[in-house]
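Structural overview
One letter stands for each residue in the lines below.
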Amino acid sequence: MTLSLDFFRSSIGKKIIMAITGFIWFGFVILHMVGNLQVFQGPEKLNTYAKFLKDLGPLLWVARIGLIVAFFGHVCTAILLKFENGSARPVSYAKGSTIQASLASRTMAYSGLLLLTFLVYHLAHFTLGITNPEHYSFEYILKNGDVVHDVYAMVILGFQDPIISGTYIVFMVFLALHFSHALGSMFQTLGILAPKHNPTIQKLSTGLGLIIFLGNCSMPISILLGYVR
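Note that the structure is predicted; figures quoted are calculated from it, not measured.

What counts, and at which threshold
Within any chain, residue numbers begin from 1 and follow the written order of that chain's sequence. Residues qualify for local features only when their pLDDT is at least 70, as the model is predicted, and side-chain atom pairs are given and counted only at 80 or more; totals for whole chains, interfaces and linings, by contrast, use all residues. Each side-chain value is worked out from all heavy atoms of the structure, with water and hydrogens disregarded. Candidate patch residues must exceed 30% relative accessible area and have no salt bridge, after which like charges are joined if within 9 Å and Val, Leu, Ile, Met, Phe, Trp or Tyr side chains if within 5 Å. Note on areas: Shrake-Rupley with a 1.4 Å probe; residue coverage comes only from the protein chains shown. Here, a salt bridge means any side-chain nitrogen of Lys or Arg that lies within 4 Å of a carboxyl oxygen of Asp or Glu. The cut-offs for exposure are 20% and 50% of the maximum accessible area for each residue type, with area from a 1.4 Å probe on protein chains only; residues under the lower value are buried, those over the upper are exposed, and the others partly exposed. Put simply, buried Ala, Val, Leu, Ile, Met, Phe, Trp, Tyr and Cys residues joined by side-chain atoms within 4.5 Å make one nonpolar core. Helical segments are the DSSP runs of H or I of at least four residues, strand segments are the runs of E of at least two, and each set is numbered from the N terminus. Should any heavy atoms of two residues lie within 4.5 Å, those residues are counted as being in contact. UniProt positions are given in the numbering used here, feature names are shortened, and annotations may be inferred rather than shown by experiment. Aromatic rings from Phe, Tyr and Trp, taking only the six-membered ring of Trp, are treated as a pair when their centres fall within 6.5 Å; an angle between ring planes under 30 degrees marks them as stacked, one over 60 as edge-to-face, and anything in between as tilted. Here, over-ring charges are defined by two tests on the NZ atom of lysine or the CZ atom of arginine: distance to the ring centre within 6 Å, and angle to the ring normal within 35 degrees. Within 3.5 Å is the distance limit for a polar contact, defined as a pair of N or O atoms, with the added protein rule that one can donate a hydrogen and the other accept it, and that residues adjacent in sequence qualify only through two side-chain atoms.

Examining a nonpolar patch on the surface
A contiguous nonpolar surface patch, about 440 Å² in accessible area, is contributed by Ile221, Leu224, Leu225 and Tyr227. By relative accessible area, which is 39% here, Leu224 ends up partly exposed.

Here it is, written out as structure tokens:
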């Protein structure tokens, strides 16, 4: 037990926690995006999907709690690592070592904090109906006769607001930047592939970050332009 605690208190242990919790959230972001893209298939499809998730009942809450634990584990570990790195090098270099660092790697801490803000707002808007309760009050009758919360209408009304859509798109930029660097770091930390594959992994990470950006931004842009109503 002591050996295990010492390992996870170490720098490499914290990096492994970062990698695992980050991978959990990456998987969620992809699944969440794929599910939400059903908005392009109309209200019946998206609302049926939303009902399926709601009908999971306790399993849905287990998943939510797991994601919350992973998220805060990721954030807290990142803060600890940042403090440890600062303590190990209290005096800054005369010239920063950011010349060869990518924009994504240099903004990891800031993008992480911004994503925490976005997560709170996103839950308050689309999950809890706190920020825009008028978007949360519609019902939809499925083809099988079930009366459900109209998630489709909520998404349309939300993204018809240019401020909400614009804010969402800005946050997606930071999400894509965060993932484009984090995925490469995860593979390196876990030692899944040899160092010679790092350039390929980084290209793959950048590509996945771009897919996340385009997929998520396609919804507010299409709604703002009136292609999806």
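Some thoughts on the nonpolar core
Judged by nonpolar contacts, the single largest core of 33 residues is most densely connected at Val39, Val155, Phe159 and Leu175. Contributing elements (two or more residues each) for this core: helix H2 (11–36), helix H3 (43–54), helix H4 (58–88), helix H6 (108–127), helix H7 (151–159), helix H8 (162–190) and helix H9 (198–224). Broken down by element, this core gets its largest block of residues, eight residues, from H8. Aside from chain neighbours lying at most four places away, what touches Val39 is Leu46, Tyr152, Val155, Ile156, Met219 and Val228.

A closer look at the UniProt feature "transmembrane region" (unreviewed entry) in the chain
Here the UniProt feature "transmembrane region" (unreviewed entry) sits at residues 16–39, 59–83, 103–124, 168–194 and 206–228. The distance separating the terminal C-alpha atoms of residues 16–39 is 36 Å; by composition the span is 88% helix and 0% strand. Each end of residues 59–83 is marked by a C-alpha atom, and these two atoms are 36 Å apart; helix forms 100% of the span and strand 0%.

Topic: the packing of aromatic side chains
When we look at a pair of aromatic rings, we describe it by the centre distance and by the angle of the planes. This model, assessed by the stated rule, comprises eight aromatic pairs. Seen in terms of ring centroids, Phe71 and Phe72 are 5.7 Å apart; in terms of plane orientation they differ by 85 degrees. Their pairing is edge-to-face. Geometrically, the ring pair formed by Phe159 and Tyr168 is edge-to-face, given 4.9 Å between the ring centres and 65 degrees between the ring planes. In this structure Tyr168 comes out as buried when scored by relative accessible area, which is 7%. Counting every residue linked through ring pairs, the aromatic cluster contains Phe118, Phe126, Phe159, Tyr168 and Phe171. Between the NZ or CZ atom of Arg64 and the centre of the ring of Trp61, over which it lies, the distance is 4.7 Å.

A short note on the side chain of Ser165
In this structure, Ser165 sits in helix H8. In this structure Ser165 comes out as buried when scored by relative accessible area, which is 0%. Reaching out from Ser165, the side chain makes a polar contact with the backbone oxygen of Phe159 at a distance of 2.6 Å. Apart from residues lying up to four places away in sequence, Ser165 is in contact with Phe159, Pro220 and Leu224.

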